[in-house]
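# Close look at the chain arrangement
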Amino acid sequence: MENLIQLKLKKIRKRMQEEKIDAWLVLSSDYHNSEYVGQYFKCREYISGFTGSAGSILIFQDEAGLWTDGRYFLQAEKELEGSGIRLFRNGEDHVPELEEYLAEKLQKQSLFGVDGRTISISAYRKLKKKLNRKQIGIRLDADLVGDIWQERPKMSCQPVWELELCYAGVSRKEKIELIRTKMHREGADYTIISSLEDIAWTLNIRGNDIACTPVAISYLIIEKTNVLWFVQMEAVDHSLQKKLNGDGIILHNYHEISNFLLEKKDDQTLYLDPDRTNMSIYQMLTKRKDVYREILEGKNLTLVEKAVKNKTEIQNMRLAHIKDAVACIKFIYWLKKQVNGNPENQKDLQQGTAMHIREEGRRTGWVTEISAAEKLEEFRAAQKHYLGPSFDTIVGYAHHGAIVHYHALPETDLPLKAENLVLIDSGGHYLEGTTDITRTIALGKLTREQKHCYTLVLKGNLRLAAAKFRYGCTGIGLDCLARQALWKEGMDYEHGTGHGVGYLLSVHEGPNSFRRMVSGGREECMKLEPGMITSDEPGVYLPGKFGIRLENLIVCTELEKNEFGRFLGFETLTLVPFERDAILVEELEAWEKEWLNRYHADIIKKVGKYLETDELSWLKEVTAEI
């Protein structure tokens, strides 16, 4: 008997036959190549059942395959079970790239298709280069999933609001002039910005069209004299429209972007980012044969300025992390008291289904993965200026912690017992900025193996946080610091060590990151600049046992300039203690103990005054000098 996913694939294949398309690609992205997308754009999730944020599904008449990265291997394996969709683990030996597999599978002069609004110019060119060898045609003007998705949600149109100058630090007029200066240097007359985060940053506005990323669906065109914002007009109230108009910004309806580009008759030079601009936009720009339009390409002109936080943003981010620390410390204190303080209940929790345990847990006060995430959200919501989570909280107890981006469901919701480790990765948006923190918490007594692994991950976190390096270094150059202790033990982790973090924007923001150089690849990684905020999150995952990840946010700072050059380092923003009960102190070097003691003393100084008496007493105990 066919399941729901198989029935959907059957319908897609019928549409492919009708359109004479031999292979159809469904991507995870929206029309702006966003990392996370609104419900309207979740075509890949709808057709495959895979709920991870990254992945692409390739559909043929006789098979289908899903490509995703190491964060989602275990999750995809479980969610694709019974669907008939084959999992391709990106980056593993002997696993072909999607483009290679597609070109090999299709016959000469076949027809391939993808919704042109969801594929970037860069991704399209990579595909086309492979397919040209066999003269394979490409269709970009269809949306086959949309054709069969009868109950598809409407495109989000949430209210847009203004981020005041006391939070943004720089006015939108200044930012626009900065972009125009860069346009002039590039020799461009105008630029089109498709990235929702870059538009929000430029205009000092925020929205709620994507869960956990406060942006508004729109396009922005900046010319030498005009600024045109293509947005869902009903989302912008009259008073904000008036303020934007006063700053020289003309509003148009979101869908008018097509007509504007098709009808634009001038011969001006355009600048765009091929990684963030979709192929449908590109086709509109090049469709008219009677207009010569030179197109310059490069990274968005906002990219570095958005990543390098100004003084106001950095000071606000420090405040956001104090608030977040209060919430997290209160939560950890509550969790340990709740779980470790009820030994009799732990015996009962071993019986019954996960759904039953969760229902009983709500009634009796027992804690499960889902209820723990909900409780942490309660503590954050109590903080002033809290706006919501910066991503869906991950709570992985015991063996679930080994699934890098595990997401608890009612049928998988484990109770937290007074034994083993629980990994909690979470973050929040405040008017003062965005946070992202992972702590692995000890519940009950741990084994020596668990403590040893925790200590190795901690050493990696501290070594990166304490780095001093010469200006010009990239995250690729520093990544090994976080992995060194694990490598010595023949261990590693299959995700990057760190990602840039936006200011009340995407929790994953480029161009700064810490990651390995991919074998045989040409990795782009921009040098680190003072003001860039990046996560520091090494980990280790033992399938079937436990997972450990320790994440702080760190801001790049100036340290000194001498005859040898300019040296930079990091200031740690996150202010939540590490797990004393999980550290093998004898495995730490003297400087690591000193760093840890200073860090914990800083937490007491900055966060202690916001805690209740019993919470503060506990905090002093778990941050005492080692």
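Positions within a chain are numbered from 1, following the residues in the order the chain's sequence is written. It should be noted that, the model being predicted, local features are given only for residues of pLDDT at least 70 and side-chain atom pairs only at 80 or more, the latter also being counted only at that level, while totals for whole chains, interfaces and linings use all residues. Hydrogens and water are ignored here; the side-chain numbers use all heavy atoms of the structure.

### Things to note about the overall build of the chain
A count of helical and extended segments in the chain gives 21 helices and 28 strands. The reference for a compact globule is 2.2 Å times residues^0.38; the radius of gyration itself is calculated from the C-alpha atoms. For 626 residues, the compact-globule estimate of 2.2 N^0.38 gives 25 Å, and the chain sits close to it at 25 Å. By its C-alpha atoms, the chain is 75 × 65 × 50 Å across when sized along the principal axes. Here the term buried applies to any residue with accessible area under 20% of the maximum for its type, exposed to any over 50%, and partly exposed to those in between, with areas from a 1.4 Å probe on protein chains only. Here the chain holds 626 residues, and the buried ones make up 58% of them. Restricting the contact set of the chain to residue pairs at least 6 apart, pairs at least 24 apart contribute 72%. A run of H or I in DSSP becomes a helix once it reaches four residues, and a run of E becomes a strand once it reaches two; helices and strands are each numbered from the N terminus. Contacts are assigned to residue pairs that have any heavy atoms within 4.5 Å of one another.

### Considering the packing of aromatic side chains
Pairing of aromatic side chains requires ring centres within 6.5 Å, counting the rings of Phe and Tyr and the six-membered ring of Trp. Pairs whose planes differ by under 30 degrees are stacked, by over 60 edge-to-face, and all others tilted. Counted according to the given criterion, the structure contains 17 aromatic pairs. Between Phe 230 and Phe 260, the aromatic rings sit 5.5 Å apart at their centres with planes inclined by 55 degrees, giving tilted as the arrangement. Of this pair, Phe 230 sits in strand β11 (residues 227-231) while Phe 260 sits in helix α11 (residues 257-263), and the two are 30 residues apart along the sequence. Relative to Phe 570, the ring of Phe 469 has its centre 5.3 Å away and its plane inclined at 40 degrees; by these criteria the two rings are tilted. Here Phe 570 lies in strand β28 (residues 565-572) and Phe 469 lies in strand β21 (residues 469-470), a separation of 101 residues in the sequence. Side by side, Phe 469 and Phe 570 carry an identical accessibility label, which is buried.

### Concerning the sheet that holds strand β16 (residues 394-397)
Paired strands, as defined in this entry, are two strands with at least two bridges between them according to DSSP. Reading across the sheet, the 3 strands line up as β16-β17-β20 and stay open at both edges, with antiparallel pairing between neighbours. A single partner strand is all that each edge strand has here, and the edge strands are β16 and β20 (437-442). Strand-to-strand twist across the sheet, computed as the mean angle between neighbouring axes with direction ignored, equals 10 degrees. Both β16 and strand β17 (residues 421-426) contribute to a ladder of 4 bridges, which runs antiparallel. Within β17, the position partnered with Ile 394 by the bridge is Asp 425. Axes, fitted as lines to C-alpha atoms, cover a helix only where it is in contact. Angles between the N-to-C directions of the axes lie from 0 to 180 degrees. Contacts from helix α14 (residues 311-340) reach β17 and β20 within the one sheet, and its direction differs from that of β20 by about 20 degrees.

### Points about the environment of Ser 239
Topologically, Ser 239 is positioned in helix α10 (residues 238-246). Ser 239 sits in the partly exposed class, given a relative accessible area of 48%.

### Considerations on the pattern of salt bridges
In what follows, salt bridge is the name for a side-chain nitrogen of Lys or Arg lying within 4 Å of a carboxyl oxygen of Asp or Glu. Following the criterion strictly, the structure yields 46 salt bridges and no others. Among the salt bridges present, the one from Glu 97 reaches Lys 126, with a minimum N-O distance of 3.8 Å. Here Glu 97 is found in the loop between β4 (85-89) and α4 (98-105), whereas its partner Lys 126 is found in helix α5 (residues 121-131), with 29 residues between them in sequence. The exposure class assigned to Glu 97 is partly exposed, which follows from its relative accessible area of 36%. Residue Asp 275 pairs with Lys 299 through a salt bridge whose shortest N-O separation is 2.8 Å. Of the two residues, Asp 275 is situated in the loop between β13 (270-272) and α12 (279-287) and Lys 299 in the loop between β14 (295-297) and α13 (303-307); the sequence distance between them amounts to 24 residues. A residue is classified by how much of its surface remains accessible, and Lys 299, at 32% relative accessible area, is partly exposed. If you follow the salt bridges from partner to partner, you end up with Arg 15, Glu 18, Glu 19, Arg 139, Asp 141 and Asp 147 in one network.

### Topic: the pairing of strand β24 (residues 533-536)
Neither face of β24 is exposed, since Ile 533 and Ser 535 on one face and Thr 534 and Asp 536 on the opposite face are all buried. Here 4 bridges tie β24 to strand β27 (residues 552-562), and the two strands are oriented antiparallel to one another. In the strand pairing of β27, Asp 536 is matched with Asn 552.

### What about helix α20 (residues 590-607)?
Multiplying 1.5 Å by the helix residue count minus one yields the expected span of that helix. With 18 residues, α20 extends 26 Å from end C-alpha to end C-alpha; this agrees with the ideal 26 Å at 1.5 Å per step. Residues of α20 that are buried: Glu 592, Trp 595, Leu 596, Asn 597, Tyr 599, His 600, Ile 603 and Val 607. Taken together, the buried residues of α20 touch α14, β20, α18 (448-465), β27, β28 and α21 (613-622).

### Re the state of the cysteines
A pair of sulfur atoms, both from cysteines and within 2.5 Å, is called a disulfide here. The full count for this structure, using the stated rule, is 0 disulfides. Its sulfur unpaired, Cys 473 is 9.9 Å from the next cysteine sulfur, which belongs to Cys 556.

### Some points on the sheet that holds strand β6 (residues 137-139)
Across the sheet, 6 strands lie side by side as β4-β3-β2-β1-β5-β6; this open sheet has mixed pairing. Lying at the two open borders of the sheet, with one neighbouring strand each, are β4 and β6. Averaged over all pairs of adjacent strands, the angle between their axes in this sheet comes to 20 degrees, without regard to strand direction. Taken together, the 3 bridges between strand β1 (residues 23-26) and strand β5 (residues 111-114) define a ladder with parallel strand orientation. When the bridges of β5 are listed, Ala 23 appears paired with Phe 112. Its contacts with the sheet place helix α1 (residues 4-19) against β1, β2 (56-60), β3 (64-68), β4, β5 and β6, and it is angled at close to 60 degrees to β2. Each of β1, β2, β3, β4 and β5 touches α4; the most contacted strand, β2, lies at about 5 degrees to it.

### Digging into the packing of α4 against α5
One can describe the packing of α4 onto α5 by two numbers: an axis separation of 9 Å at closest approach and a directional angle of 35 degrees. Relative to α5, α4 is oriented so that their crossing is right-handed. Packed against α4, whose contacting residues are Leu 98, Glu 99, Glu 100, Leu 102 and Ala 103, the element α5 presents Lys 126, Leu 127, Lys 130 and Leu 131 at the interface. Each residue gets one of three labels, nonpolar for Ala, Val, Leu, Ile, Met, Phe, Trp, Tyr, Cys and Pro, charged for Asp, Glu, Lys and Arg, and polar for the others, Gly among them. When its residues are assigned to classes, the contact of α4 with α5 shows 5 nonpolar, no polar and 4 charged. Two helices crossing with the near one rotated counterclockwise from the far one by less than a right angle form a left-handed crossing, whereas a clockwise rotation gives a right-handed crossing.

### Regarding the confidence of the model for the chain
Residues with a pLDDT of 70 or more make up 94% of the chain, whose mean pLDDT is 93. For every residue, the predictor states its confidence as a pLDDT score lying anywhere from 0 to 100. A low-confidence stretch, residues 519-523 stays under pLDDT 50, and its non-local contacts, those more than four residues away or across chains, total 5 contacts.

### Points about the nonpolar core
Soluble globular proteins tend to bury their nonpolar side chains together. Take the buried residues of types Ala, Val, Leu, Ile, Met, Phe, Trp, Tyr and Cys, join any two whose side-chain atoms come within 4.5 Å, and each joined set is a nonpolar core. If you look at the biggest cluster of nonpolar residues, it comprises 77 residues, and the most contacted ones within it are Leu 335 and Phe 570. For this core, the element with the most residues is α14, which contributes 12 residues. Ignoring sequence-local partners within four residues, the contact set of Phe 570 consists of Leu 464, Ala 465, Ala 467, Phe 469, Leu 478, Phe 514, Leu 528, Ile 554, Val 555, Cys 556 and Thr 557. Counting residues in hydrophobic clusters, the runner-up holds 73 residues, among them Ile 119, Ile 249, Leu 270 and Leu 301.

### Describing the pairing of strand β25 (residues 539-542)
Taking every second residue as pointing to the same face, both faces of β25 are buried, with Gly 539 and Tyr 541 on one and Val 540 and Leu 542 on the other. Two elements, β25 and strand β26 (residues 546-549), share 4 bridges in a ladder whose sense is antiparallel. Its bridge partner being in β26, Tyr 541 is matched across the sheet by Gly 547. What sits between the antiparallel neighbours β25 and β26 is a turn of 3 residues, in which Gly 544 has the positive phi angle 85 degrees.

### Things to note about the side chain of Glu 223
Mapped onto the secondary structure, Glu 223 falls in strand β10 (residues 218-223). Contact partners of Glu 223, with chain neighbours within four places excluded, come to Arg 180, Met 183, Asp 189, Tyr 190, Leu 228, Phe 260 and Lys 264.

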